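So the chains spell out like this:
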Amino acid sequence: MRRMENLNKYSENASWIEVSARALENNLQMFSDLAKTQFGIGVVLKGNAYGHGLENILSVIHSRVDCAYVISPQDAFWIRKWEQAQGRRPIRIVVIGTMGLSEALECTRQKIEWVIADSSWKEWVDAFRKARLVAQVHIHLDTGLSREGFPADSAAIALADLKASQDVMHVRGIMSHFSNTEDVTEQSYAHSQVKAFRESANQLKKLLGLDERVEEHLSASAAAMVLPEARLSRVRIGISLYGFWPSVETRISAKLVLKSLPHLEPVLTWKCRSQIVKNVKKGTFVGYGCTYRCEKDTWVAVFPVGYFDGYPRLVSGKAYVLIDGTRCPVIGRVMMNHIIVDVSQVIASKELDQELGPLEAVLIGTSKSETLPAETVASWANTIQYEVVSRLGAHLRREVVA
Ligand SMILES: *Cc1c(COP(=O)(O)O)cnc(C)c1O
């Protein structure tokens, strides 16, 4: 009898994600070439490394980056554990999301930097003194996104008390985040953010007596490419590390600003093998709600992947997958754990005596000469590629391929 512990963590038949080490290295190199040595490259690993799998991404880039940004302290702790298990030198980690006091203390013990983005740090000062810990912190200024951070025009007032707390809160950086660099080709709002950042950061540096070593970081992928004046000490590269353009607008702007278009290569391929292929007769309904009816005898393949895994239900009626480089329509509704695909074209091209084994579909990625980008899946679901990839189930098997 097969014992539990011999079973895989992942179902052998479930869909899986391939992460291309070569593509990842290409994208990182693109930014290194852009930076020369003029600014640092930080990588954003939030959202399970944008759905690519934190461990997979780390295993490829860890030795090549000097700073990683995550949202949750748990991700930061996980990275420290992984580094220890792998015998690797710890890299700088900055937690850019919110956290509680005990997490802030633990971060500091593990030499993980964190961000002061609201007034909660004031109540933490005593606890840090008692624990004899000096936190390495970054101040988040809100320059126009109206998300986390101190409004830039009043930050100096809000942070006046920090001057007397620098024995336990050492300011290592000042940061902000853009609102719409990827939504436009003219950057007037971003310029106003840069200006607000400069003014407020200079005020804070004076107020807190910070020296020249204090880091300033402001740019995500789009600004790193299209707003050279905003690169400052270090950029925070998220989506483009994984090979995606932040938007069509960014791509247009990048060509103008950088003179030639940088080469970004998508890192991820999402694949699934069919669980059954069968012929259904003309007039047969397919899927929940009987929304699709076969107009002729149809070869259908059922794939064990659905919205639970991150394949959006909203793509129903619009989507196709790639099989042997052929676009095959997803028919009927996307279900929690299944999709049904019309594979008649693929079957028709097979020799009659060829055995009908499982079919391998590419849900995102390239199959032969045909590519199905995450952006296309996102457009079917009325969303952006950021959401599609970051929602790929954490339960899915991910493997690094060359
Ligand atoms: C997500 C995020 C980034 C990275 O943005 P991309 O557009 O994915 O490059 C950078 N900085 C902050 C604060 C973020 O939240």
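Look above for the structure.
My aim in this report is to walk through the structure given alongside it, one point at a time. Every residue gets a number counted from 1 within its own chain, in the order that chain's sequence is written. Local features in this predicted model are restricted to residues of pLDDT 70 or higher, and side-chain atom pairs are both shown and tallied only at a pLDDT of 80 or more, whereas totals for entire chains, interfaces and linings draw on every residue. Where side-chain values are given, they derive from all heavy atoms of the structure, hydrogens and water being excluded.

1. Some remarks on the overall build of the protein chain
Labels follow the DSSP assignment, with helices taken as runs of H or I lasting at least four residues and strands as runs of E lasting at least two, numbered in each case from the N terminus. In terms of regular secondary structure, the protein chain is built from 13 helices and 21 strands. Only heavy atoms enter the contact rule, under which two residues are in contact if any of them lie within 4.5 Å. Counting contacts in the protein chain only where the partners sit at least 6 residues apart, residues at least 24 apart contribute 68% of the total. Carbon and sulfur atoms make up 51% of the accessible area of the protein chain, which totals about 19,300 Å². Computed over 48 positive and 44 negative side-chain charges, the inter-centroid distance for the protein chain is 1 Å. Per-residue and other accessible areas follow the Shrake-Rupley method at a 1.4 Å probe size, with only the shown protein chains counted as cover for residues. Two residue types count as positive, namely Lys and Arg, and two as negative, namely Asp and Glu; His and chain ends fall outside the count. Lys charges are placed at NZ, Arg charges at CZ, Asp charges at CG and Glu charges at CD.

2. Comments concerning the site of the ligand
The full set of residues close to the ligand is V44, K46, Y50, I96, R147, H177, A220, S221, R236, G238, I239 and Y386. N or O atoms within 3.5 Å of each other form a polar contact, as long as, within protein, one can give a hydrogen and the other can take it, and as long as residues adjacent in sequence are counted only when both atoms are side-chain atoms. A distance of 2.7 Å is found between an oxygen atom of the ligand and a side-chain nitrogen or oxygen belonging to Y386. The residue makeup of the shell around the ligand, split by class, is six nonpolar, three polar and three charged. We call a residue near a molecule or strand when any one of its heavy atoms sits within 4 Å of it. Only Asp, Glu, Lys and Arg are considered charged, only Ala, Val, Leu, Ile, Met, Phe, Trp, Tyr, Cys and Pro nonpolar, and every remaining residue, Gly among them, polar.

3. A word on the packing of helix α1 (residues 21–35) against helix α3 (residues 54–61)
The contact between α1 and α3 brings their axes to 10 Å, and the two run at 65°. Two packed elements cross with a definite hand, and for α1 against α3 that hand is right-handed. Contact residues: A21, L24, E25 and L28 in α1; I57, V60 and I61 in α3. Tallied by class, residues from the contact of α1 with α3 come to six nonpolar, no polar and one charged. Between N-to-C directions, angles span 0 to 180 degrees; the directions come from axes that are lines fitted to C-alpha atoms, helices contributing only their stretch in contact. Should the near helix be turned counterclockwise from the far one by less than a right angle, the crossing is left-handed, whereas a clockwise turn marks it as right-handed.

4. Topic: α1
Take the residue count of a helix, subtract one, and multiply by 1.5 Å to get its expected span. For α1, with 15 residues, the first-to-last C-alpha span of 21 Å sits near the 21 Å given by 1.5 Å per residue. Residue K36 follows α1 closely and has a positive phi angle near 50°.

5. Considering the layout of surface pockets
Quantified by volume, the second largest pocket comes out at close to 280 Å³. The way it works is a 1 Å grid over only the protein atoms, where trapped points that fit a 1.4 Å probe form a cavity and open points with protein on both sides within 12 Å along at least five of seven lines form a pocket, and then any residue with an atom within 4 Å of a point lines it. Around the second largest pocket sit 13 residues that line it, and N48, G53, L54, E55 and W78 are the ones nearest its centre. Residue assignment for the lining of the second largest pocket shows that the elements contributing at least two residues are α3 and α4 (73–86). Partitioning the lining of the second largest pocket into residue classes produces five nonpolar, four polar and four charged. Grid points are joined across faces, edges and corners, and a volume is the space filled by probe spheres set on the points.

6. Looking at the pairing of strand β5 (residues 113–116)
Of the pairings in the sheet, the one linking strand β4 (residues 92–95) to β5 comprises two bridges and is parallel in character. Following the sheet pairing, V94 is matched in β5 by E113. Strand direction decides the pairing type here: β5 and strand β6 (residues 135–142), joined by three bridges, are parallel. Of the residues in β6, the one forming a bridge with I116 is I139. If the strands point away from the viewer and the path from the first strand over the helix to the second runs clockwise, then the crossover is right-handed. Handedness of the β-α-β unit built from β5, helix α6 (residues 125–130) and β6 comes out right-handed. Pairing between strands is defined by DSSP: at least two bridges between the two strands are required.

7. Section: helix α5 (residues 101–109)
Partly exposed residues are those whose accessible area sits between 20% and 50% of the maximum for their type, while under 20% is buried and over 50% is exposed, using a 1.4 Å probe and protein chains only. All of the buried residues along α5 are A104, L105, C107 and T108. Buried residues of α5 fall within an arc of 160° about the axis and therefore sit on the same side. On its buried face, α5 is in contact with α4, β4, β5, α6 and β6. Positive backbone phi, approximately 55°, marks K111, located one or two places after α5. Directions are taken from the helix axis to each C-beta atom, and the arc is the one they span.

8. So, the state of the cysteines
Only a pair of cysteine sulfur atoms within 2.5 Å counts as a disulfide in this structure description. A full pass over the atoms with the stated rule returns zero disulfides. Here C290 stays free of any disulfide, with the sulfur of C294 as its closest cysteine sulfur at 11 Å.

9. Here's the deal with the pattern of salt bridges
Any Lys or Arg side-chain nitrogen located within 4 Å of an Asp or Glu carboxyl oxygen qualifies as a salt bridge. Inspection of every chain in the model, using the stated rule, returns 20 salt bridges. Between D161 and K122 there is a salt bridge; the shortest N-O distance is 3.6 Å. Taken together, the residues span a long stretch of sequence, with D161 in the loop between α7 (155–158) and β8 (169–175) and K122 in the loop between β5 and α6 at a distance of 39 residues. The class of K122 is partly exposed, set by a relative accessible area of 37%. Taking the shortest distance from any N to any O, the salt bridge between R391 and E387 comes out at 3.4 Å. Take E387: its relative accessible area is 34%, and that puts it in the partly exposed class. A network of salt bridges, in which partner residues are shared, links D66, R92, E113, R172, E215 and R234.

10. Examining unusual backbone geometry
One can expect most non-glycine residues to show negative phi and most peptide bonds to be in trans. Positioned with a positive phi, K36 is a non-glycine residue whose angle comes to about 50°. Considering the arrangement of structural elements, one finds K36 in the loop between α1 and β2 (40–44). A relative accessible area of 61% means that K36 is categorised as exposed. Positive phi is not limited to glycine here, since K368 has a value of about 50°.

11. Regarding the side chain of S221
With respect to the element layout, S221 can be found in helix α9 (residues 221–226). Once residues within four sequence positions are removed from consideration, S221 is found in contact with R236, I237, G238, I239, S240 and P246.

12. Some words on the environment of K255
Locating K255 in the fold gives a position in helix α10 (residues 248–258). The exposure class assigned to K255 is partly exposed, which follows from its relative accessible area of 49%. Measuring from C-alpha to C-alpha, the distance between K255 and M225 comes to 9.3 Å, with 30 residues separating the pair along the chain. Once residues lying within four places of it in the same chain are set aside, the contact partners of K255 are S260 and L261.

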